[in-house]
Amino acid sequence: MIRKIHRMAAAALAVGLLQGAWSATAAASAQTAHQAGGSVPAAYTTTGPVSAYISAATTANGDGRYTDYAIGAIPQAISQTSPSVVAIIGRQAGSSGPAGRFDLTHGTGVIVESGGTIITNAHVVKNMDQIVVVTFDGKQYNGKTTHFDEESDLALVHIDAAGLKEAAFAAKADIQVGETVIAIGTPISFSLRNSVTVGVISGLDRSVNSTYRLLQTDAAINPGNSGGALVNLKGEVVGINTLKYADYGVDNLGFAIPADTVQYVLQHFRDYGRVKRPATGMELEESWAALVGIPTEEPMTVSFVEPDSPAAKAGIKPGDKFLKLGDHPAANLVEFNELLKNYLPGESAEFTLQTAGGTVKRTVVFGELAGAALPGGKAGSGGAFDSDQGKTRIGDSRFGWSMKYPSGLELYHQSETGGSVSLADARGEYSLRITAEEKEHEYSKSGLLKALASQEEDVTILERQYVTAGGQSYARIISRDSYGYYESRAYSGEDYICYVVMSIYEEKNYKNTIKRSGYTDLLDSFRLSFDKQDAALKDVAVNQDGYRKHAHEDYGYSLSVPAGWSSTGMADEFKYEDDSYTSYAQVEMTTLAEGDTVEKWVRRTEERYAYRYAPAYLETGKTESVVVAGRPASLWTAQIRQGEEWSTLLLFFLEKEGYKYRLTISHPRDLPSADAEDLVERITRSFELGLSARNDALGLIEDEEDLVDYTSKIKFTNKKLGYSAEIPEYWEPGAFPGVSQLGIPDGDQQIFLFPGGFFNITAARDEAYGQAVKQVDQLYKKVQESGSELVVDKEEEEMFGVDATKFTVENNSKTAPSRLTQYIFSKQDITYLVSWNLEESARTEQHLADLEQAVSSLRFKGE
């Protein structure tokens, strides 16, 4: 089914395209407080009774502050400050999906040095590539992030310019509640640069998911305003806009970083290249009243003290109550952080605390708090900022199609294989979906129409015809439903059949003759051809060289595999396999433990394979020294047999900056050597460890393999039925569909899985022993009658001091031969089915000994 793009989804897409994808202004809080740009407000018009301010004519008082407002005060302030405000736009590094011409993010900045230094929010430029700065007069400059501080949400961007107008900052004492302020920025769309909104300072010293105090304002702060100036009527910057509170029914609740904090961070950037924050090594817990915002003198409590930290060395202990830093109290963390701004690492300060023994003073010599690293980003590319500049056609070299590419058309989705491509108009009028499917047979005229009609669902067909025009033929259907109008076409090529579906959402647009002609012209430009020599043709083939790149966003590595391979790993795995499940590539990353080495890791891996595979099913080679991802690595090779088929495994081991990586590549042993060498060479050459893109929250990831003791046993007890067994630690409790039906369908079941086999205990009260044996017997007879390769042997013998029936089932599969052993017996009115299965490849002395020990360890109620 070729799904059409309905209007609601396309409208949301169009909004994102028109608004310049301001995703860098990310949410500061997942629930309520958002970075200025984290949510879409209802409107972005100028707010505040501007006309009332302008019509109230008074002058400034003696100290230069305005008590009322002179005629034109707001326009004058805007005129004075706007030349110091810039717009910042770039590409969001690491964004998912195909990167296109509208895959942009933007914000605002304020000039603080005439030589091209601009301050903005850290969240605006974090992970922003190809930064371009546009000044008030419309000039463009390539920019680069030079300083970055997430704690304050401030960063510096530098451009090569001179003679820029520096912004003037207001003194902290001059900022008053009720004072008129103007927010200048780039809301919603980059085309709305230098927009202003007007309001007042609603509050001082606010704490909203921030390290330091914030200013509160009712001047509208919309997406894209982040990093812009909040100025008073004298044209002085009182704050840098940073976030807004977004929730249903909440209006005009924005926040800015006050000028004194901006100046503090700027001075540190200039003096030290970073913000040098004092560290104590202790955690403070706010009181309940402080958390809910009730004024309180209840002190904060020391909840944790890091060993050997400055606080620990000063004698501060968990449970102590914080009273003062120097001569100043602080009832919450923001107030405490504000006090810390007065100190540098290496300096000392006196802490007053309430302890179990009374009030004490402790002298703390501050350490330095580690800050976030400067995020890497590419400088802007100026005139080449449009990634599709000069591209007038779009197509796919692999599937062999092309068509016109209007400047308002955006590629926004592509399937894993690239066979399905979705494009949308930036104005939200229409969307296109092109799908290429392998052609199984030739199509007649009626057959092509039927194939196209099979893609339609719950629509009214308005036109249906087979068309020959412009040197090509195609099936064409026009239809409609409650969401809009659709024109669908099917083209039969040499190897593929291509379906092209245009969705038009507004009836007025569909029936507009001029617009309709434009839609038809775009569709008529579709061709089952791709000219590789055409420099104006954008190629969207995801595997132009037959390979597709995949990246782990959190772990910071990437790998390219054949385009047809798909992900088969669990959520925390990184594994891609071909559709025949005979070849795969997998990357594993864990922490390199203290004292561990790559060489030791290789030896442990060899031992585990020897434990897992019987000698006749495993052949190993010598370890070689190679280079992978620019790092020294060890290569260990093994040949593994499953049934009659052999596979080659190549395991590459390497480490970098405290983490160890294992890249495994597997392919059939009978793969032609040239193909095997090409596969391994291309995958290993593509493996990259881009640690700058790694999630900075990444911590200790223990290797589960290293935690397993293969000699250790754990006791499993079924309290309901009163039996127990000693189980090897490496066996994992799990589920195995169908096992419980082998004799005791409604029994209490416990299955343990291990590489190459399983161990199962199923038990039920009042289950007749003879009936259970009969059910299993009948089951295997039916399976054998169906032509199965199973060979079943049945015999009677004693088990646990009682009569038992033993079934041995040989599975002579060519791919994974195995042997299943089952015992059915009754003890104390409980019927048991104890079974274990081993693949022939896993029939090692270790596995057999583990199974024998598990069976012999079974104990029953009363024993």
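Residues numbered from 1 in each chain as written. Predicted model: local features only at pLDDT ≥ 70, side-chain atom pairs only at ≥ 80, totals over all residues. Heavy atoms only, no water.

Draft legend 1. Summary view of the overall build of the protein. Helix and strand content of the protein: 16 helices and 52 strands. Counting every position in the protein, which comprises 863 residues, the buried fraction comes to 50%. Excluding contacts between residues fewer than 6 apart, the proportion of contacts in the protein whose partners are at least 24 apart in sequence is 59%. If you sum the accessible surface of the protein, you get close to 40400 Å²; carbon and sulfur atoms cover 48% of it. (Helix = DSSP H or I, 4+ residues; strand = E, 2+ residues; numbered from the N terminus. Buried < 20%, exposed > 50% of the residue type's maximum accessible area, 1.4 Å probe, protein only. Contact = heavy atoms within 4.5 Å. Areas by Shrake-Rupley, 256 points an atom, 1.4 Å probe, with all protein chains shown as cover.)

Draft legend 2. View of the pattern of salt bridges. Under the defined criterion, the tally for this structure stands at 33 salt bridges. Here R476 and E463 are joined by a salt bridge, their closest N and O atoms 3.0 Å apart. Placement of the pair is R476 in strand β29 (residues 472-481) and E463 in strand β28 (residues 460-469), with a sequence separation of 13 residues. Among the residues examined, R476 registers a relative accessible area of 14% and is labelled buried. Residues E507 and K511 are paired through a salt bridge, measuring 2.9 Å at the closest nitrogen-oxygen approach. On the accessibility criterion, E507 (38% relative accessible area) is partly exposed. The network of salt bridges with shared partners includes E588, D596, R604, R608, K660, R662, D703, E705 and D706. (Salt bridge = Lys/Arg side-chain N within 4 Å of Asp/Glu carboxyl O.)

Draft legend 3. Structural view of the sheet that holds strand β48 (residues 757-765). The strand order across the open sheet formed by seven strands is β46-β47-β48-β52-β51-β50-β49, and the pairing between neighbours is antiparallel. The outermost strands of the open sheet, each flanked by one partner alone, are β46 (732-734) and β49 (790-799). Pairwise comparison of adjacent strand axes, ignoring direction, gives a mean angle of 20° for this sheet. When strand β50 (residues 802-811) meets strand β51 (residues 818-827), the two strands line up antiparallel, connected through eight bridges. In the sheet register, F807 faces β51, and the bridge partner there is Q822. (Pairing = 2+ DSSP bridges. Axes fitted to C-alpha atoms, helices over the stretch in contact; angles between N-to-C directions.)

Draft legend 4. Summary view of the sheet that holds strand β32 (residues 537-539). Judged by pairing direction, the sheet is mixed, and its three strands sit side by side in the order β24-β23-β32 without closing on themselves. Strand pairing shows two members of the sheet lacking a second neighbour, β24 (401-404) and β32, which therefore form its edges. Shown here is a sheet whose adjacent strand axes are inclined to one another by a mean of 25°, direction ignored. Direction of pairing for strand β23 (residues 393-396) relative to β32: parallel, over a ladder of three bridges. Paired with R393 across the strands is L537, a residue of β32.

Draft legend 5. Layout of the environment of D748. On the secondary structure map, D748 appears in strand β47 (residues 748-754). Exposure remark for D748: the relative accessible area of 23% places this residue in the partly exposed category. Each C-alpha atom, one on D748 and one on A764, is 6.0 Å from the other, the two residues being 16 residues apart in sequence. In contact with D748, not counting residues within four places along its chain, are N718, K720, L721, Y723, I761, T762 and A763. There is a polar contact of 2.7 Å between the side chain of D748 and the side chain of N718. (Polar contact = N/O pair within 3.5 Å; in protein donor to acceptor, adjacent residues only side chain to side chain.)

Draft legend 6. The packing of aromatic side chains, seen in detail. In total, this model carries 36 aromatic pairs according to the counting rule given. Centre to centre, the rings of F322 and F336 are 5.3 Å apart; their planes meet at 85°, and the pair counts as edge-to-face. With F322 in strand β18 (residues 321-325) and F336 in helix α8 (residues 333-340), the pair connects residues that are 14 residues apart, well separated along the chain. Across this residue pair, the class does not change: F322 and F336 are buried. Between F800 and F825, the aromatic rings sit 5.4 Å apart at their centres with planes inclined by 45°, giving tilted as the arrangement. Of this pair, F800 sits in the loop between β49 and β50 while F825 sits in strand β51, and the two are 25 residues apart along the sequence. (Phe/Tyr/Trp six-rings, centres within 6.5 Å; stacked < 30°, edge-to-face > 60°.)

Draft legend 7. Seen up close, the nonpolar core. Counting 33 residues, the largest nonpolar core has V110, I119, L154, I182, V237, I240 and V262 as its most contacted members. Per-element accounting of this core gives the leading share, six residues, to helix α5 (residues 259-272). In contact with I240, other than residues within four places in its own chain, are V110, I119, N121, L154, G227, G228, A256, I257 and V262. (Core = buried A, V, L, I, M, F, W, Y, C linked by side-chain atoms within 4.5 Å.)

Draft legend 8. Fine view of the side chain of E338. In this structure, E338 sits in helix α8. Residue classification places E338 among the buried residues on the basis of a relative accessible area of 10%. In contact with E338, other than residues within four places in its own chain, are Y212, R213 and T261.

Draft legend 9. Up close: the pairing of strand β16 (residues 282-285). Side-chain alternation along β16 places M282 and L284 on a buried face and E283 and E285 on a face that remains uncovered. Relative to strand β17 (residues 300-305), β16 runs antiparallel, the two sharing four bridges. Of the residues in β17, the one forming a bridge with L284 is V302.

Draft legend 10. Examining helix α16 (residues 845-856) more closely. Given a rise of 1.5 Å per residue, twelve residues ought to cover 16 Å, and the 16 Å separating the end C-alpha atoms of α16 matches this to within 8%. Of the positions making up α16, those classed as buried are H847, D850, L851, A854 and V855. When α16 is viewed along its axis, its buried side chains cluster within an angular range of 130° and face the same direction. Seen from the open side of α16, the exposed residues pointing more than 90 degrees away from its buried face are E845 and E852. (Expected span 1.5 Å × (residues − 1). Arc of directions from axis to C-beta.)

Draft legend 11. Highlighting the environment of E368. Note on placement: E368 falls in strand β22 (residues 367-369). Between the C-alpha atom of E368 and that of G281, which follows or precedes it by 87 residues, the distance is 9.5 Å. When neighbours within four sequence positions are excluded, E368 is seen to be in contact with R274, K276, R277, A279 and P345. Only 2.9 Å separates the side chain of E368 from the side chain of R274, close enough to count as a polar contact.

Draft legend 12. How the structure looks around the environment of L707. Relative to the elements of secondary structure, L707 occurs in helix α14 (residues 704-707). Placed 23 residues apart in sequence, L707 and Y730 show a C-alpha to C-alpha distance of 9.6 Å. Once residues lying within four places of it in the same chain are set aside, the contact partners of L707 are E702 and E729.

Draft legend 13. Spatial organisation of the confidence of the model for the protein. Taken over all residues, the pLDDT of the protein has a mean of 82, while the share at 70 or more is 84%. Contacts of residues 738-745 to residues separated by more than four positions or lying in other chains number 25 contacts, the stretch itself having pLDDT below 50. (pLDDT = per-residue confidence, 0-100.)

Draft legend 14. Spatial organisation of a negative patch on the surface. Taken together, E437, E438, E440, E494 and D495 make up a surface patch of like negative charges. For E438, a relative accessible area of 66% translates into the label exposed. (Patch = residues over 30% accessible without salt bridge, like charges linked within 9 Å, V, L, I, M, F, W, Y side chains within 5 Å. Lys, Arg positive; Asp, Glu negative; His and termini not counted. Charge placed at Lys NZ, Arg CZ, Asp CG, Glu CD.)

Draft legend 15. Expanded view of the side chain of E179. Relative to the helices and strands, E179 resides in the loop between β8 (168-169) and β9 (180-185). Here E179 is buried and forms no salt bridge, its nearest opposite-charge partner K234 lying at an N-O distance of 6.4 Å. A polar side-chain atom of E179 sits 3.1 Å from the main-chain amide nitrogen of Q176. Once residues within four sequence positions are removed from consideration, E179 is found in contact with D174, G199, V200, I201 and N232.

Draft legend 16. Seen up close, unusual backbone geometry. The phi dihedral of D153 falls on the positive side, at around 60°, and the residue is not glycine. Of note, Q828 is a non-glycine position whose phi angle comes to about 55°, a positive value.

Draft legend 17. Seen up close, α8. Every buried residue of α8 is listed here: V334, F336, E338, L339 and L340. Here α8 starts with a cap whose side-chain oxygen sits 3.2 Å from the backbone nitrogen of V334, and that cap is N332.

Draft legend 18. Fine view of the pairing of strand β21 (residues 358-365). As paired elements, strand β20 (residues 348-355) and β21 share eight bridges and run antiparallel to each other. Considered in β21, the bridge of L353 is made with V360. Counting the residues that bridge the hairpin from β20 to β21 gives two residues.

Draft legend 19. Region of interest: a nonpolar patch on the surface. Together, W288, L291, V292 and I294 line one region of the surface with nonpolar side chains, adding up to about 460 Å² of accessible area. Mapped onto the secondary structure, L291 falls in helix α6 (residues 288-292).

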